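Coordinate analysis (summary)
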Amino acid sequence: MSDAREPEGSEESDRPDGPWWTGEDEVGGIGFARFFAYTGLLMSIASLVIALVAPLEGDALRTVWITGFAATSMWIAFMAAPRYRREGMRVSPAVPITMVLGVLTIAIMVYAFTVIALASTGVVLPAPAYWFGGEVAPSGVNV
């Protein structure tokens, strides 16, 4: 199978040592590091805002989706750290900020899931009314 980047007749020993995203062609360099760091930061800010204002309406599955969105933002930002280190630079402050915001979002959603699950059994914990679908008491909670 030939690689589209190689001219015809080139030998296998001329291929780079690693995958294309870690090469010398700046595809996997500081540009990708910054892209991952700040994309993760923006996604973690969005997931925290969604966790704070989204109407869960007693649906525990919504907490799972928001938690997954926060975990994905943390994973994307974490991919920046080795790229910064390979370039000999300090890791961007966006990476640890993303981790903190992601953990905060996940903690909020774990509590929301617990509140919704316990409300279906009759145990009422302090929570915003929009987690249960408006001003209605937590009867009729979907788990």
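Above this note sits the structure.
Residues numbered from 1 in each chain as written. Predicted model: local features only at pLDDT ≥ 70, side-chain atom pairs only at ≥ 80, totals over all residues. Heavy atoms only, no water.

On to the environment of I106. Position of I106 relative to the elements: it lies in helix α4 (residues 94–119). In this structure, the C-alpha to C-alpha distance between I106 and F69, residues 37 residues apart in sequence, is 9.4 Å. With residues near it in sequence (within four places) discarded, I106 still touches T67, A70, A71 and M74. (Helix = DSSP H or I, 4+ residues; strand = E, 2+ residues; numbered from the N terminus. Contact = heavy atoms within 4.5 Å.)

In the contact formed by helix α1 (residues 30–53) and α4, the axes pass within 9 Å of each other and the chain directions differ by 25°. Here α1 is positioned roughly parallel relative to α4, judged by the angle of their axes. Considering the relative orientation of α1 and α4, their crossing is left-handed. Counting all contacts with α1, which are made through A37, Y38, G40, L41, S44, I45, S47, L48, A51 and L52, the residues of α4 involved are A94, V95, I97, T98, L101, G102, L104, T105, I108 and M109. The residue makeup of the contact of α1 with α4, split by class, is 14 nonpolar, six polar and no charged. (Axes fitted to C-alpha atoms, helices over the stretch in contact; angles between N-to-C directions. Parallel < 35°, antiparallel > 145°, perpendicular 65-115°, else oblique. Left-handed = near helix turned anticlockwise from the far one by under 90°. Nonpolar A, V, L, I, M, F, W, Y, C, P; charged D, E, K, R; others polar.)

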